[in-house]
Amino acid sequence: MLLSQQAKALWAKAAKSGGGWLPLYKHMEDAAIVAELLWDNWLPPGTKDIVARAIADGSACFALEDARAKARKTFIFLAAAHDLGKATPAFQYKKIYPNAEIGEQLAERLKRAGLIAKRMQDPYAIHHSLASQAILERRGFTRAIAVVLGGHHGKPPSIYDIDDDNINAYPNNTGFKDKAAWGAAQSELFNYACQLADMPVDEEELLRTLALDIPAQVILSGLVIMADWLASDENRFPYLDGNDFNLKIPVRKRAADAWENIGLSRWAATEEWAKADLYKTRFDKEARPVQKAAVAVAAATKAPGLFIVEAPMGEGKTEAALAVAEIFAQKSGRGGLFFALPTQATSDGIFVRFKNWADKIAKVAGGIYSLSLAHGKARLNEEYRGLKAHPQGIEDAEGGVVAQAWFSGRKKSLLADFVVGTVDQALMAGLRQKHQAMRHLSLANKVVIIDECHAYDAYMSQYLYKALNWLGAYRVPVILLSATLPVGKRQDLINAYKGGQAENGANLSLAFMRGYPIITSTDGGEAGQTVVAPSERGIDVSLSWLYEDADIETADEGELPIIEKIADILDEYLSGGGCVGIIVNTVRRAQKIAQGLAARYGTENVRLLHSRFIGADRVANEMKIRELLGAPTKENTVKRPEKLIVVGTQVMEQSLDVDFDLLFTDICPMDLLLQRIGRLHRHERPRPEKLRKAVCFITGAQKEGFEAGAEKIYGKYLLFNTQQLLLSKLVLNLPADIPGLVDAAYDPDGVDVAPDLQAEYAEAKHRQENKIKEKTNRADQFQIFKPGKGENLGTLIDWLDIGVNDPTGKRAEATVRDTDNSLEVIVLQKRRSKVYLLPWLDKSGGREISRERSPDEDIAAKLAACTVNLPGNFSSPKVIDAAIGELEQNNIDEGLSAWQQSPWLKGELFLLLDENLSARLGGYTLKYDEKYGLWVEKAGEE
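Residues numbered from 1 in each chain as written. Predicted model: local features only at pLDDT ≥ 70, side-chain atom pairs only at ≥ 80, totals over all residues. Heavy atoms only, no water.

### As for the sheet that holds strand S15 (residues 606-609)
No. 1: With respect to topology, seven strands assemble into an open sheet ordered S15-S16-S14-S17-S18-S13-S19, the strand pairing being mixed. Looking at which strands have only one partner, the edges of the open sheet turn out to be S15 and strand S19 (731-734). Shown here is a sheet whose adjacent strand axes are inclined to one another by a mean of 20°, direction ignored.
No. 2: Pairing geometry for strand S14 (residues 578-583) and strand S17 (residues 662-666), over four bridges, is parallel. Within S17, the position partnered with valine 580 by the bridge is leucine 662. (Pairing = 2+ DSSP bridges. Helix = DSSP H or I, 4+ residues; strand = E, 2+ residues; numbered from the N terminus. Axes fitted to C-alpha atoms, helices over the stretch in contact; angles between N-to-C directions.)

### Here we look at the pairing of strand S18 (residues 694-699)
No. 1: Most of S18 is tucked away, with six of its six residues classed as buried.
No. 2: What you see with S18 is no split at all: Ala694, Cys696 and Ile698 on one side and Val695, Phe697 and Thr699 on the other are buried throughout.
No. 3: As paired strands, strand S13 (residues 539-545) and S18 are joined by five bridges and run parallel to one another. If you follow tryptophan 545 over to S18, its bridge partner there is isoleucine 698.
No. 4: Inspection of the sheet shows S17 paired to S18 by four bridges, in the parallel sense. Within the sheet, the bridge partner assigned to leucine 663 lies in S18 and is cysteine 696.
No. 5: Each parallel crossover has a hand, and the one from S17 via helix H28 (residues 670-677) to S18 is right-handed. (Buried < 20%, exposed > 50% of the residue type's maximum accessible area, 1.4 Å probe, protein only. Right-handed = clockwise from strand over helix to strand, strands pointing away.)

### Description of the packing of helix H14 (residues 214-231) against helix H22 (residues 436-444)
No. 1: Running from amino to carboxyl end, H14 crosses H22 at an angle of 105°, the nearest separation of the two axes being 8 Å. Relative to H22, the element H14 is oriented roughly perpendicular. From H14, Val218, Ile219, Ser221, Gly222, Leu223, Ile225, Met226 and Trp229 reach across to H22, where they touch Ala437, Met438, His440, Leu441 and Ala444.
No. 2: For the contact of H14 with H22, the residue count by class is ten nonpolar, three polar and no charged. (Parallel < 35°, antiparallel > 145°, perpendicular 65-115°, else oblique. Contact = heavy atoms within 4.5 Å. Nonpolar A, V, L, I, M, F, W, Y, C, P; charged D, E, K, R; others polar.)

### A short note on the side chain of histidine 681
No. 1: Looking at the element boundaries, histidine 681 is found in the loop between H28 and S18.
No. 2: Assessed through its relative accessible area of 12%, histidine 681 is described here as buried.
No. 3: Engagement of the side chain of histidine 681 in a polar contact is seen with the backbone oxygen of aspartate 661, the distance being 3.1 Å.
No. 4: Side-chain polar atoms of histidine 681 contact the backbone oxygen of leucine 691, separated by 3.1 Å.
No. 5: Discounting residues that sit within four places of it in the chain, histidine 681 has contacts with Ile539, Asp659, Phe660, Asp661, Arg687, Leu691, Arg692, Lys693 and Ala694. (Polar contact = N/O pair within 3.5 Å; in protein donor to acceptor, adjacent residues only side chain to side chain.)

### Topic: the confidence of the model for the protein chain
No. 1: On average, the protein chain scores 89 in pLDDT, and the residues at 70 or more come to 92%.
No. 2: Of the regions scoring below 50 in pLDDT, residues 502-506 engages in ten contacts with residues more than four places distant in sequence or in other chains.
No. 3: Note on residues 803-813: pLDDT is under 50 here. Beyond four places in sequence and across chains, it has 25 contacts. (pLDDT = per-residue confidence, 0-100.)

### Describing the pattern of salt bridges
Side chains that carry opposite charge are capable of pairing whenever their charged atoms lie near each other.
No. 1: Enumeration according to the criterion identifies 48 salt bridges in this entry.
No. 2: The salt bridge partner of arginine 640 is aspartate 661, with a shortest N-O separation of 3.3 Å. Remark: aspartate 661 occurs in the loop between strand S16 (643-648) and S17 and arginine 640 occurs in the loop between helix H27 (615-629) and S16; sequence separation between them is 21 residues. When sorted by exposure, arginine 640 lands in the same class as aspartate 661, which is buried.
No. 3: A salt bridge links aspartate 657 to arginine 682, with the shortest nitrogen-to-oxygen separation between them at 2.8 Å. In this pair, aspartate 657 is assigned in the loop between S16 and S17 and arginine 682 in the loop between H28 and S18, connecting sequence segments 25 residues apart.
No. 4: Note on arginine 682: relative accessible area 13%, which makes it buried.
No. 5: If you follow the salt bridges from partner to partner, you end up with Arg640, Asp659, Asp661, Arg685 and Arg687 in one network. (Salt bridge = Lys/Arg side-chain N within 4 Å of Asp/Glu carboxyl O.)

### Observations regarding the environment of serine 413
No. 1: In this structure, serine 413 sits in the loop between strand S7 (400-402) and strand S8 (418-422).
No. 2: Sequence separation between serine 413 and glycine 336 is 77 residues; the distance between their C-alpha atoms is 13 Å.
No. 3: Residues within four places of serine 413 in sequence aside, it is in contact with Ser372, Ala374, Phe407 and Val419.

### Some words on the packing of aromatic side chains
Aromatic ring pairs: the centre-centre distance and the angle between the two ring planes describe each pair.
No. 1: Considering all chains together, one arrives at 27 aromatic pairs under this definition.
No. 2: For the pair tryptophan 267 and phenylalanine 418, a centre-to-centre distance of 5.1 Å together with 50° between the ring planes defines the contact as tilted. With a gap of 151 residues between them, tryptophan 267 in the loop between helix H15 (251-262) and helix H16 (278-283) and phenylalanine 418 in strand S8 connect regions that are remote in the sequence.
No. 3: Under the relative-accessibility criterion, tryptophan 267 is labelled buried at 4%.
No. 4: Assessed through its relative accessible area of 0%, phenylalanine 418 is described here as buried. (Phe/Tyr/Trp six-rings, centres within 6.5 Å; stacked < 30°, edge-to-face > 60°.)

### Some words on the state of the cysteines
No. 1: Inspection of the entire model under this criterion finds zero disulfides.
No. 2: Take cysteine 696: it sits in no disulfide, and the sulfur closest to it among the cysteines is that of cysteine 668, at 9.6 Å. (Disulfide = S-S within 2.5 Å.)

### Some remarks on the side chain of lysine 13
No. 1: Residue placement: lysine 13 occurs in strand S1 (residues 11-14).
No. 2: Despite its burial, lysine 13 remains without a salt bridge, the nearest opposite charge being carried by aspartate 228 at 4.4 Å.
No. 3: Side-chain polar atoms of lysine 13 contact the side chain of serine 232, separated by 3.0 Å.
No. 4: Apart from residues no more than four positions distant in its own chain, lysine 13 is found in contact with Trp21, Leu22, His27, Lys86, Asp228, Ser232 and Tyr239. (Lys, Arg positive; Asp, Glu negative; His and termini not counted.)

### Re helix H31 (residues 738-745)
No. 1: Of all the residues in H31, the buried ones are Ile738, Leu741, Val742, Asp743 and Ala745.
No. 2: On its buried side, H31 packs onto helix H24 (487-498), H28, helix H30 (716-726) and S19.

Written out as structure tokens, the structure reads:
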């Protein structure tokens, strides 16, 4: 198609410096060819079928196979047409800063082509993405198609944005009334988009009337955004010079060269699982009963959906999930895997295991695939940073995984083939957040595994249910793992997943089958369960209660009775050696207990693990504890200590594979308590004579109530339930007792309590119910709507509209965790007016860190690894604002402004400790210790 001078005069991109520019029609060509490459070489079949099914369902003309071809053309057309709204006076005549000269040249070219701009009342009233949508709608396209263009900058328009009264209020902006000039140019470029998509008139007419469902609209939106991002890369799609209208490289070669340079991959799972022993070939292990059953159920599944594995701690649920994911990826046509874990620490902990699995998968396929670690501190993970960014050094015939450079951005990391990250990345699929379509596209491409699915409170659970709604609508296989899942929550998870599907008539009553271990799975419109024969790894745990006479949080330094009680027991049990775990509910309590026990048993025999260490120390602590107390393996040749006491908080509760001979744990809700007890006698190994039987002491309960930290974190109701169910239970059998105790603890009718406690218990239950309602309601305010066809007249209009604030002042739409505000600082030391890393981190022997320039990458990375979140004392808005102001001023006074130029340190605040490793901030004394982490006291206290 030969384009007129009018159409060629319209510009799409202009360089910030120099005279480079890109005509609109050239950008349309780039985007269309990139869309072809994405569809043919990157997008997996399962995701393509989301769009194809919508086309088949929205039209009586196509069978699914024909609809697949139409889906491809639809995407290419939308990619080509995404910037039609730039063919308007408002965009073409906008001022280009800082390059005023090129702006004048482009305006002069437009005038010579007869494209004149009349006076515009508000040039920015109609964004070009909104104009693109309006152009399609004025040509008879349904809003279900046109909205994809309206949202290609990350946010679909609101009802007000697209209202005809709003669009028509600015006729000089859009040029819609000037049919001879602007209207003709828009029509010409529209026809060119059809040509680029190889779409004849009859297909165009069908596309106009197509009523795509909402899931397809989201996927197409994500794809168009991705195509636009790729085609807008000036380094790979260079601009033209000056008055040059012709690309020196043919457009298809230009796109092909860019594609090869970017190096996007697509993993296609094979049917090797059907003939290979997955556990031998992937993990070099013999399969356990749960693992064998998981593979058998997955192999028999025709249409994979939700797959829930409930099995005891240490039974290999991780390996089972990876094996099932490989099977489901092949069956469902997915091109990757996302493994979601509760925290950054647990994500880091599993990363090497996941990478080893992904490397073997890549070698089977003989390809090079991308791997991402998706959380806010990913760049501090040395294993991840050590991944090759390019395939050099990996034999093509063998294959492997790399940290592909294009996926390094915050909004792109989930698009990689294989991803490990925090569960937040999955839960944010339910948030009203810009560029949500990209997140949905990322997840729709993959099999999704969510570990510890029981561990999320009422607020987070609402986002989990909403994410499952959408994953179900996309028919994404989802694998949920738990050792302690209440049966009611299992039902809620299935309801949420099936609620996103049209054929949601599964037999959900099966979800209440008793049994343990148990696998619950959906297969198309059916749900089934498989009770697995328990392994022979069951143990009896003797339970004892260690009541407290005073609260350690407020006790004087010389009056810590719980420490004395613990020490008396340790004296008895550790006479022949042994490794002990002490898990408590607050950092301060852990610090005090560790300090007291170190004074008695020596600092070399006591280790501490909690969240108030700087990142570098916490990682080092976790690695060392895992090395000393982890599973016996061929690779781990470190001898288990003769005597070791590890004190920690909830960070030891989940996904930390350590094994204690004796355990103390604060009381907490039943499912979490059983997780903690699962760290006791976790692996088969010789144990000291007095510790051959598993013994657990429960702390944190007082004669009346519970210690303050437990009540604040968990509320009295769940603690009451846990206590009442275990008071008369002298011996706990794992895993046999797990399902019954968890279900009873979360029974809506509660538990039986003594008559004198009934009033207090009823009040605790009432508070818990109100707390859940409040959390649920607050979470609901900031969620996207469900994927049903009836939402907003079947379109994405208003999908991401934001504006409601949390009563506390937080923007809840930005988070899926219901936590207090926290202040993160980088901790350094100032000695003799010079700034250093903390002494034990300084491998250079005391090299000063220059304040006069931005640190090099190596030093900046070390600084960034010294972050720590200040405790709850700093969480109130008034205190946190004052502390930020104090730190900002101090950083300026100390001459640290140059550090803000480093990408690693931009926006960070620095806490400079004195030679005694202490500082004053916000009325508090902060002191950091290598063994104990960050201590916080009111100024003037010791």
